[in-house]
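# Analysis of the macromolecular model
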Amino acid sequence: AVVSTQSTGNEIAPGFYNFGRISPDADVDNIPDLIQANEDMIEYIISNQEIGPESRILDLGCGKGMYTVGIAKRTGCQFVGTDINSTYIDECKELAENHGVSDQGEFLTSSILDLDPTIKEKKYTHVLVLGVMLYAHGTLDKFLAQLVSCCDKDTKIFIWDFIRKVEWERCQEANRHLKMPHSLLTKEEVLDGFEKAGLDLTNYEDATKYIIPSYRVMTRECIKRDPDMEVLTSPLLAAAFIEGLLGYVYYCLKVKS
């Protein structure tokens, strides 16, 4: 059988392409895939961000919409999801239809670096940036300006992101998987960007310990399918988290009043 990143992702974390949240004490040998890990992360976001039926969420870089739709279905909130990939947006719309939440919101094709004006015109109680800000580390000021343009003083912002804990040169194996044209930023560089963009940090968590079990599951499944990592390179990224080269963090923010 032909090994592909997409088919493997569909087997291990169908539709999510994310690693969710698993207790550091979990026995990963008894975790077959990352479906429950992602379901648990949806519940974590809803609880942590206090999303309810009156909420209006904007999910920037929503991918295939699993988190957007999952949150909307559980809470009854209104939503807008954006992604630069129009094929993903088509899949988002189909997913929303299948889960009965189409009338609660919409999905739009738009770059996180140049948001459609109609997206900025709406008011949101929450803006979510789930694993996509790293792609804007090379132009963080531009991305944060777009983000801020969607917020008012009461909007809660939740971001999960990667940070670099060592010199970028030591992360080149991991970058064989990430394929970044730019260096990932350090926590200090990101926090400086927030300050310059007029954002207040209300909470911060280094959540690397919750992602490592997920990467161990992914590594096990990738090595089964592609022992030489010719196509499935996630284990290279996993090693960077396990060795402390990269971190996986949550930021909670608000616009400075």
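Residues numbered from 1 in each chain as written. Predicted model: local features only at pLDDT ≥ 70, side-chain atom pairs only at ≥ 80, totals over all residues. Heavy atoms only, no water.

## With respect to the overall build of the chain
What counts here: In this text, helices come from DSSP runs of H or I with a minimum length of four residues, and strands from runs of E with a minimum of two, each type numbered from the N-terminal end. A radius of gyration in this sense is built from C-alpha atoms; the matching globule rule multiplies 2.2 Å by the number of residues raised to 0.38. Each residue's exposure class comes from its accessible area (1.4 Å probe, protein chains only) as a fraction of the maximum for that residue type: buried when under 20%, exposed when over 50%, partly exposed otherwise. Any pair of residues with heavy atoms lying within 4.5 Å of one another is described as a contacting pair. Only the protein chains shown count as covering a residue, and every accessible area follows the Shrake-Rupley method with a 1.4 Å probe.
Looking only at helices and strands, the chain features ten helices and seven strands. Against the globule reference of 18 Å for 257 residues, the chain gives a C-alpha radius of gyration of 18 Å, in line with a compact fold. The principal-axis extent of the C-alpha atoms belonging to the chain is close to 50 × 40 × 35 Å. Counting only residues that meet the buried cut, the chain has 51% of its 257 residues in that class. Within the chain, contacts between residues at least 6 apart in sequence are counted, and of these 74% link residues at least 24 apart. Here the chain displays about 11800 Å² of accessible surface, and carbon together with sulfur accounts for 49% of that area.

## Focus on the pairing of strand β5 (residues 156–164)
The condition that has to hold: The pairing criterion for strands is at least two bridges between them, as found by DSSP. Crossover handedness is defined here as right-handed if the route from the first strand over the helix to the second strand goes clockwise, with the strands pointing away from the viewer.
The element β5 is largely enclosed, with a buried count of eight among its nine residues. Across five bridges, strand β4 (residues 126–130) lies against β5 in parallel orientation. Bridge pairing in β5 places Val127 opposite Ile157. As a crossover connection, the stretch from β4 through helix α6 (residues 140–148) into β5 is right-handed. Across eight bridges, the pairing between β5 and strand β7 (residues 246–255) is antiparallel. Its bridge partner being in β7, Ile157 is matched across the sheet by Leu253.

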